[in-house]
Structure formats: C-alpha cells, structure tokens
Amino acid sequence: VRGTILRQGFLLLVIAFLPAIGEALYFRDRIPWASPVPASELVQVETAKAWGSSALWVDARPDDQYAQGHFPNALPLNESGWDKQLRPVLEKWSEEKKIVVYCSTQSCGTSREIADRLRKQAQLKNVFVLDGGWEALRVSAK
Amino acid sequence: MKLTNKILMLAFAFCLAARAHAELKFEQTDIELHPTPTDANAVAHFKYENTGPKPVHISSVQTSCGCTVATLKSNDVAPGDKGEITATLSIGNRTGLQHKTVTVLTDDAARPQTVLTLRATIPTLLEVQPIFVFWKQDDQIKPKTIKVKAGADSPVKKITVASSDPEIAAQVEPGDGPKEWKINVLPKDVKKLHNSTLTIAPDFPATSPKLFYATARVIGGGAN
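These figures come from a predicted structure and were not determined experimentally. (Residues numbered from 1 in each chain as written. Chains lettered and ligands numbered in written order. Predicted model: local features only at pLDDT ≥ 70, side-chain atom pairs only at ≥ 80, totals over all residues. Heavy atoms only, no water.)

Student: Explain the overall build of chain A here, please?
Tutor: Within chain A, the secondary structure is distributed over six helices and five strands. The globule rule puts the C-alpha radius of gyration for 142 residues at 14 Å, and the 21 Å found for chain A is more than 25% above it. Its C-alpha atoms put chain A at 75 × 35 × 30 Å along the principal axes. Looking at the 142 residues of chain A, the share that counts as buried comes to 37%. If you take every contact in chain A between residues at least 6 apart in sequence, the share linking residues at least 24 apart comes to 66%. (Helix = DSSP H or I, 4+ residues; strand = E, 2+ residues; numbered from the N terminus. Rg over C-alpha atoms; globule rule 2.2 N^0.38 Å. Buried < 20%, exposed > 50% of the residue type's maximum accessible area, 1.4 Å probe, protein only. Contact = heavy atoms within 4.5 Å.)

Student: Any chance you could explain empty space enclosed by the protein here in plain terms?
Tutor: One way to see where empty space is left: roll a probe the size of a water molecule over the atoms. All names here are of chain B. Scanning the model with the defined rule gives one cavity of 30 Å³ or more in all. Quantified by volume, the largest cavity comes out at close to 80 Å³. Forming the walls of the largest cavity are 13 residues, and the residues nearest its centre are Pro37, Ile122, Pro123, Leu125 and Lys210. For the lining of the largest cavity, the residue count by class is seven nonpolar, four polar and two charged. (1 Å grid on protein atoms, 1.4 Å probe; cavity = no way out; pocket = protein on both sides within 12 Å on 5 of 7 lines; lining within 4 Å. Points joined across faces, edges and corners; volume = space filled by probe spheres on them. Nonpolar A, V, L, I, M, F, W, Y, C, P; charged D, E, K, R; others polar.)

Student: Just to check I follow, could you spell out the pattern of salt bridges for this structure?
Tutor: Any two side chains of opposite charge can pair, so long as their charged atoms come close to each other. Summed over the entire model, instances satisfying the criterion amount to eight salt bridges over all chains. In this structure, A:Asp116 engages A:Arg119 in a salt bridge whose closest nitrogen and oxygen atoms are separated by 2.9 Å. A residue pair is termed a helical-turn pair when its members lie 3 or 4 positions apart in one helix, as A:Asp116 and A:Arg119 do in helix H5 (residues 110-120) at three residues. A salt bridge links B:Arg119 to B:Asp30, with the nearest nitrogen and oxygen atoms 3.1 Å apart. Of this pair, B:Arg119 sits in strand E9 (residues 113-122) while B:Asp30 sits in strand E2 (residues 30-33), and the two are 89 residues apart along the sequence. The exposure class assigned to B:Arg119 is buried, which follows from its relative accessible area of 16%. (Salt bridge = Lys/Arg side-chain N within 4 Å of Asp/Glu carboxyl O.)

Student: Before we go on, may I ask you to explain the sheet that holds strand E10 (residues 126-129) of chain B in this structure?
Tutor: Adjacent strands of a sheet pair through backbone hydrogen bonds, lying either parallel or antiparallel. Residue and element names in this part refer to chain B. Strand order in the open sheet formed by four strands is E10-E12-E15-E14, and the pairing between neighbours is antiparallel. At either end of the open sheet lies a strand with only one pairing partner, and these are E10 and strand E14 (168-174). Neighbour-to-neighbour, the strand axes of the sheet open up by a mean angle of 20°, direction not taken into account. Where strand E12 (residues 144-150) and strand E15 (residues 180-187) come together, six bridges link them in antiparallel fashion. Along E15, the bridge assignment pairs Lys147 with Lys182. (Pairing = 2+ DSSP bridges. Axes fitted to C-alpha atoms, helices over the stretch in contact; angles between N-to-C directions.)

Student: Looking at this model, I keep getting lost on the sheet that holds E9(B). Mind explaining?
Tutor: Residue and element names in this part refer to chain B. Read from one edge to the other, the open sheet built from five strands follows the order E2-E9-E8-E4-E6, with strand pairing classed as mixed. Each having just a single partner strand, E2 and strand E6 (76-77) make up the two edges of the open sheet. The pairing of E2 with E9 spans four bridges and is classified as parallel. Bridge pairing in E9 places Ile31 opposite Leu118.

Student: Honestly, helix H6 (residues 133-141) of chain A in this entry has me stumped. Any pointers?
Tutor: Counting along an α-helix, one turn takes 3.6 residues, and residues three or four places apart therefore face a common direction. Residue and element names in this part refer to chain A. Within H6, burial applies to Gly133, Trp134 and Leu137. The buried side chains of H6 occupy one side of the element, clustering within an arc of 120° when seen end-on. Opposite the buried face of H6, by more than 90 degrees, sit the exposed residues Arg138 and Val139. In this fold, the buried residues of H6 make contact with helix H2 (45-50), strand E2 (55-59), strand E4 (98-102) and strand E5 (127-130). (Arc of directions from axis to C-beta.)

Student: Looking at this model, I keep getting lost on the interface of chain A and chain B. Mind explaining?
Tutor: Note on interface size: it is often stated as the accessible area lost on association of the parts. Contact residues are listed per partner, giving 26 residues for chain A and 30 residues for chain B. The tally of links from chain A across to chain B stands at one salt bridge. At the boundary of chain A and chain B, one finds nine residue pairs in polar contact (both at pLDDT 80 or more). Residue assignment for the side of chain A that touches chain B shows that the elements contributing at least two residues are helix H1 (2-26), helix H4 (82-92) and H5 of chain A. Top contributing element to the side of chain A that touches chain B by residue count: H4(A), with seven residues. In terms of residue class, the side of chain A that touches chain B is made up of ten nonpolar, five polar and eleven charged. (Polar contact = N/O pair within 3.5 Å; in protein donor to acceptor, adjacent residues only side chain to side chain.)

Student: Explain a nonpolar patch on the surface to me, please; I cannot follow it from the model alone.
Tutor: All names here are of chain A. On the surface, a nonpolar cluster with roughly 410 Å² of combined accessible area is contributed by Leu13, Phe17, Ile21 and Leu25. Position of Leu25 among the secondary structure elements: in helix H1. According to the relative accessible area criterion, Leu25 is exposed, its value standing at 51%. (Patch = residues over 30% accessible without salt bridge, like charges linked within 9 Å, V, L, I, M, F, W, Y side chains within 5 Å. Areas by Shrake-Rupley, 256 points an atom, 1.4 Å probe, with all protein chains shown as cover.)

Student: Explanation requested: H5(A) in the structure shown.
Tutor: All names here are of chain A. All of the buried residues along H5 are Thr110, Ser111, Ile114, Ala115, Arg117 and Leu118. Within H5, the buried residues cover an arc of 160° as seen down the axis, which keeps them to one side. Looking at the buried positions of H5, the neighbouring elements they touch are E2, H4, E4 and E5.

Student: Teacher, can you tell me more about the pairing of E5(A) here?
Tutor: Successive residues of a regular strand alternate their side chains across the two faces of the sheet. All names here are of chain A. Residues Val127 and Val129 line one face of E5 and the alternating positions Phe128 and Leu130 line the opposite face, and both faces are buried. Inspection of the sheet shows strand E1 (residues 42-43) paired to E5 by two bridges, in the parallel sense. Looking across to E5, one finds that Val43 is bridged to Leu130. The sheet contact formed by E4 and E5 spans three bridges and is parallel. What sits directly across from Val101, in E5, is Val129.

This is the structure in structure tokens:
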C-alpha cells in the first residue's frame, strides 16, 4: 500500500510540475529572480548612508509617492518625468559623487532601469541600486 | 476503480469546480500595442463579462507603475453585465518594449486576483548619446560630441539644437550615416562654471515636434 501511495504521490507531483515548468519557460522574462541586479551594482542601506555627503540620492518612485515622503535631499527621477527631473540631478552631480537610486520595493525594477539609463545615456559612473529600496530605508530609520 | 484513478478524477473535478465558479471573465488578459511616434499614450481596453450567477465587486485595480493609469466605469458587475478596464500608459520619453501590469482584485472567491498585461512597442524617434557632457575647470577647451540617430522607422530628416547658455555653443553637423547627426558642444571658456540645457528639436511632428534634451556643464574641481 505504501508503495502505491508513493507512486501516486510521485505521479501527481509530475503532473503538477509539467504545466509549472512550461509556464516558467514561456514567461521566463517575467521571473523577477531571472534578472537580478548584479551584486556590484547593489548597495546596502548602511553602506550608502555611510557615504554621507558624497552620495547623491535619487528617488525613482512615482511623483505622488515622492511627495508623500522621501529620503532627505533625495531628488525625484522617474521614467515619466525624466526630461524635467534629470537636469537637477546632473546639476548636483560631481565626479566624486556616488549615485544611489531607490524605488518602492526590493523587487521593483524601476530603480534598476533608472540606474541603467544614468550609466548608459548620461555615461555616469558609480551608480548603485539600493538593496531593499524605500522600505529598507524606512526600517533603518526606526 | 484504482486509487490512482480516483485521485486523478478528484483533482480534475476540483479544477473544473474552480473554473465553474470563475465569474468575471476577461476577453484578453494580455494586450499588445504599437503606438505611432506621435501618440502621447498607449491605451489598452480589457473587456470583461460576468458569466456567473452572482454579482462581482471589483475592489481594487492596481497598476505596476505610476506611468500607467487604470480606470473602470463601475466597480460592481451584475450577472451578464459587460464592461472594460482601460489601462493608459503615458509614453513620455519611453522607447522600446514596455511591459506593464494591472492587478484586478475582486470578491470572486474562485479568482480573487487577475493580472492584466499591457505590452507596448514604442518606436524610437531619436537616440541621443550621451545626454550629458562636461568639462572640468582645469580641462583644455575641446569640443565634445553628442551623437543623434533616428530610429529605423523614424520620419525625422533634420534636427536643430539650441543651447540655454550662450557661453556653451552647440552645432549640428551630419553624422556617419543616413539619419545620423553629430552635435559638437564647446564652451567658450572653462574658467567659470556653466550649465546649459541643449534642446534638440526634430522636424517631426512638424507642428509640435517632440523635444529631446541633453545637458552640458563646466564643473568645478570639488563637490558642488
């Protein structure tokens, strides 16, 4: 009887896994952990805070969320307001600055996209994505 | 009937039962859009129908980014009623494939959450690279070049550039290929700090061209 139950259990698992595997393959570009931010481009909250005035903080969340609260001196920069918001960021930038981009959650892709645009289009160096985003900043402030 | 068959039948029946109670049915949950270069928004209409015997209440419609707004006429859908959720992606200066989602939450126990996907392929009017050039005060005065390239299907044939700071000049000249240009940027001197917004205007759309921007700065040696 035990062998039968094990066989049946195994069979059910295989049946359950087949569509799951198919979906994972078909939607592989949507799996958040399939395209993680490289470790070299991530920065932890405590490290970024320790950079002090040499860090230039960029808030990649939507404008309304930025208006509700943001890290001190952080500048807004998101895809919708890119043209208007980029100039103040570039005005604050200097060669020794490290740019720290954050958005609303750890899995949020916006901060990575904004960081990529700053690196590729503006050709800025030392651009980092904040690990844990805005939530991690709030936790660290408690 | 073998035990295996019974279990399989039970699992199958369970799946069917779940589907039978799914009341709010969407015609499409994944919509592809191809906006034109002049479009300000990409709009997807997700049509639905309540195919069940009970009313469904849509409690929340959440978008994956602030760039997308989702609206619906009524949160309550009576049995047999049809409606749609309109998802509007503000194109802004986005280009390429954009993938945004709308999460619909309902009181339908069988399917409390549905994720709607909007995929928009936004044509590239112009590519500007880099969008930032700078000189340090101890640098030699040499021009820096910003390359501008029209997208493959872009109707742009000509561009003009204007510098907001008269101390930083910007001139357009033909680039290396067709539909390519070079903007040569040169400050008159690097002793003073300067900050210029370069406004790049294509000849399309003729009446109100979509503007592109770059920044040119003369920066100090230290932090500012």
